[in-house]
Amino acid sequence: MRTLFPLLLALLVLAGCSGPQAGVATEKSPQGRDYIRLFVPGAHEVAIRIAWPTDWAYQDHANQAVPYLARDLILSGGAEGYKPGLVVERFADMKAEGRLAVSPDFVIGSLTVPKEHLSEAVEIAHAHLSAPSLDDGWLDRIKQGLAVNIAEASAQPANMGFSALRWAIFGDVPLRQALSLDPASQITAARRDDLVHWHKAVLLSDTAKIVIAGDLDAQQAGETVDSLMAGLPRSSGQSPPKKPAARFEPRRILLHVPSAKTSTLTLLAPLPPAREGSTIEDMVLATALGGSDQSVLFDAVRTQLRAAYGFGAGLDSYTQDYRFLIFSGEIETAKLSAAETAVHQAYAAFRSQGLQKDITALKADHVSMAQELLKNPSALSDVTLSALLEGQPVDLGLTYSAVLDKVTAATVDQRLKTVFPKPADFIVLAVSPDPEALPDACVIERIEDARGCH
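Summary of the structure given here. (Residues numbered from 1 in each chain as written. Predicted model: local features only at pLDDT ≥ 70, side-chain atom pairs only at ≥ 80, totals over all residues. Heavy atoms only, no water.)

## Topic: the sheet that holds strand β9 (residues 312–317)
Let me state the cut-off plainly: In this description, strands pair whenever DSSP reports at least two bridges between them. Strands here are runs of E lasting at least two residues and helices are runs of H or I lasting at least four, both read from the DSSP assignment and numbered beginning at the N terminus. Comment: axis = line fitted to C-alpha atoms, over the contacting stretch for helices; angle = value between 0 and 180 degrees taken between N-to-C directions. Throughout, a contact is declared for two residues whenever any of their heavy atoms are within 4.5 Å.
Pairing in this open sheet of 6 strands is mixed, and the strands run β9-β10-β8-β11-β7-β12 from one edge to the other. Strands with a single pairing partner mark the edges of an open sheet, and in this sheet they are β9 and β12 (442–444). Taking the axes of each pair of neighbouring strands and ignoring which way they run, one obtains an average angle of 20° across the sheet. Bridge analysis of strand β8 (residues 263–271) against strand β10 (residues 323–331) gives 9 bridges, and the strand direction is antiparallel. Its bridge partner being in β10, Ser 263 is matched across the sheet by Ile 331. Along the sheet, helix α11 (residues 279–290) makes contact with β9 and β10, crossing β9 at roughly 150°.

## Brief notes about the packing of aromatic side chains
For the record, the criterion: Under the pairing criterion, centres of Phe, Tyr and Trp rings, with the six-membered ring standing for Trp, must be within 6.5 Å; the plane angle then separates stacked pairs below 30 degrees from edge-to-face pairs above 60, leaving the rest tilted. Put simply, a charge is over a ring when the Lys NZ or the Arg CZ is close to the ring centre, within 6 Å, and near the line of the ring normal, within 35 degrees.
The final tally for this structure, using the stated rule, is 7 aromatic pairs. The ring of Trp 138 carries Arg 141 above its face, with NZ or CZ at 4.4 Å from the centroid. In this structure, Arg 176 packs its charged tip against the face of Trp 167, placed 3.8 Å from the ring centre.

## Remarks on the state of the cysteines
Formally: To count as a disulfide, a pair of cysteine sulfur atoms needs to be within 2.5 Å. Summary of the burial criterion: residues with accessible area below 20% of their type's maximum are buried, those above 50% are exposed, and those between are partly exposed, where the area comes from a 1.4 Å probe applied to protein chains only.
Applying the stated criterion across every chain yields a total of 1 disulfide. Between the sulfur of Cys 442 and that of Cys 453 lies a disulfide, 2.0 Å long from S to S. In this structure the cystine formed by Cys 442 and Cys 453 twists about its S-S bond by roughly -65°; its chirality is therefore left-handed. In this pair, Cys 442 sits in strand β12 while Cys 453 sits in the segment after β12, placing the two residues 11 residues apart along the sequence. Judged by its relative accessible area of 23%, Cys 442 falls in the partly exposed class. For Cys 453, a relative accessible area of 1% corresponds to the buried category.

## Examining the sheet that holds strand β5 (residues 106–114)
Spatially, β1-β2-β6-β3-β5-β4 is the arrangement adopted by the 6 strands of the open sheet, whose pairing is mixed. This sheet does not close on itself; its edge strands, each paired only once, are β1 (23–28) and β4 (97–102). Neighbour-to-neighbour, the strand axes of this sheet turn through a mean angle of 15°, independent of strand direction. As paired strands, strand β3 (residues 45–53) and strand β6 (residues 209–214) are joined by 5 bridges and run antiparallel to one another. The residue bridging Ile 48 from the neighbouring strand is Ile 212, located in β6.

## Examining the pairing of β4
Both β4 and β5 contribute to a ladder of 6 bridges, which runs antiparallel. Directly across from Val 102, in β5, lies its bridge partner Val 107. Connecting β4 to the antiparallel partner β5 that follows it, the hairpin turn spans 3 residues.

## Comments concerning the pattern of salt bridges
Put simply, the rule reads: We define a salt bridge as a side-chain nitrogen of Lys or Arg found within 4 Å of a carboxyl oxygen belonging to Asp or Glu.
Tallied over the entire structure, the rule returns 19 salt bridges. Close ionic contact of Asp 93 with Arg 90 constitutes a salt bridge, the shortest N to O distance being 3.9 Å. One end of the pair, Asp 93, and the other, Arg 90, are both in helix α3 (residues 86–94), 3 residues apart, so they sit about a helical turn from each other. For Lys 243, the salt bridge is made with Asp 321, and the minimal N-O distance between the two is 3.9 Å. With Lys 243 in the loop between α10 (218–229) and β7 (252–256) and Asp 321 in the loop between β9 and β10, this pair connects stretches of sequence that are 78 residues apart.

## A word on the nonpolar core
To be explicit about the condition: The criterion is simple. A nonpolar core is a set of buried Ala, Val, Leu, Ile, Met, Phe, Trp, Tyr and Cys residues joined through side-chain atoms within 4.5 Å.
Ranked by internal contacts, the top residues of the largest apolar core, which has 55 residues, are Leu 265, Val 301, Phe 311, Phe 327 and Ile 331. No other element matches helix α13 (residues 336–353), which puts 6 residues into this core. Filtering out sequence-adjacent residues up to four positions away, Phe 327 remains in contact with Leu 265, Thr 266, Leu 267, Leu 289, Leu 297, Phe 311, Gly 312, Ala 313, Val 343, Tyr 347 and Phe 426. Ranked by size, the runner-up nonpolar core spans 54 residues in total, among them Ile 74, Ala 125, Ala 127 and Leu 139.

## A word on unusual backbone geometry
Here Asp 182 and Pro 183 are connected by a cis peptide whose omega angle stands at 10°. Relative to the helices and strands, Pro 183 is located in the loop between α7 (174–180) and α8 (185–189). Within the chain, Lys 95 stands out as a residue other than glycine whose phi angle is a positive 60°. Mapping Lys 95 onto the fold places it in the loop between α3 and β4. Within the chain, Asp 440 stands out as a residue other than glycine whose phi angle is a positive 70°. In this structure, Asp 440 sits in the loop between β11 (427–432) and β12.

Right under this line is the structure:
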């Protein structure tokens, strides 16, 4: 008995530790819809993410304000059996979150709800997705709010610079209008019929990419997907319009804004699309370059030159195809030219010397996220949908720790030296009250004139 008892105790302990594990599966609903199910044992919430491909931002003569207006109106403007505004109140009562987000390539639908309220939340969301009222009164209210927000944002010198960059890179094409919501007259010109057309053209049943995460089995998940997507129209199979070319060739541009209180300096250069991989290495490099007050660029511009309150680096994209590295910050006008030189020199040295900081510290946030993903349906569904859209493995969220283990100082330095832009590859754009603050730059006074700078 003395030898048997420890063995039985060990088996009991192991049995207690071998409960259900998180997992991912590609499945079909009872009505034949493909979806990704993420099983998160013990999760109290269910998260559903849907991505609808869209080419609205590439269509000539399309009102590019319509997706932004529809985004807000569909869920707030009522549906059959639901008065305008009711869904907002009911979702708040259930502690549920539902929203639509728009980009040039996708419309993303998000629903996160406690499991006990899943059926009701899906019923409400389905009613608003399949047959929204698109109430005219609420549309007018949303148009007014969007117009005010865009007017206020467009008047800020830094945002004027970002708009000028989009003019320089794309010119006057629908994509640029969608990214900038310029001209703003599109907002007031939008009519209910425009939103009806957009809704029927984009929120389709057969083009959607669907992820559902939570403590659900295949039957529960499949029936939930079918309930949410029922009644949405099918696509017509039309060929998408041609996407515009982008001009990322280096230029130096100064936008003269006499009313600006200080200057803004931005440097931008292209990176490969996220679908080509190595995105964690890219994020580590961006953090090392400008993610804190200990970063390379902050030290060069703020600490050493004392020309700015802060200067940072980041990764962003205009579309899935057009992704970029960006450095930006407010600069003392008298030191604008010196700051440009300092940024170039600091980046050149960083690219030559490689990563000097501890890779473990730079990956710390990612390690924390990897642990959180295994128990957070909302975050896990976001990562999985992103991976699905970018052609990455759909188990990325569950294997994030293993992926992180393969990110080393060597892989980061290899990425830096072979893929990251060279110092001379950047578009430089300054916004300044002094037209001579950036010598030899192409000086413009209207943002649209940036397209003529070479």
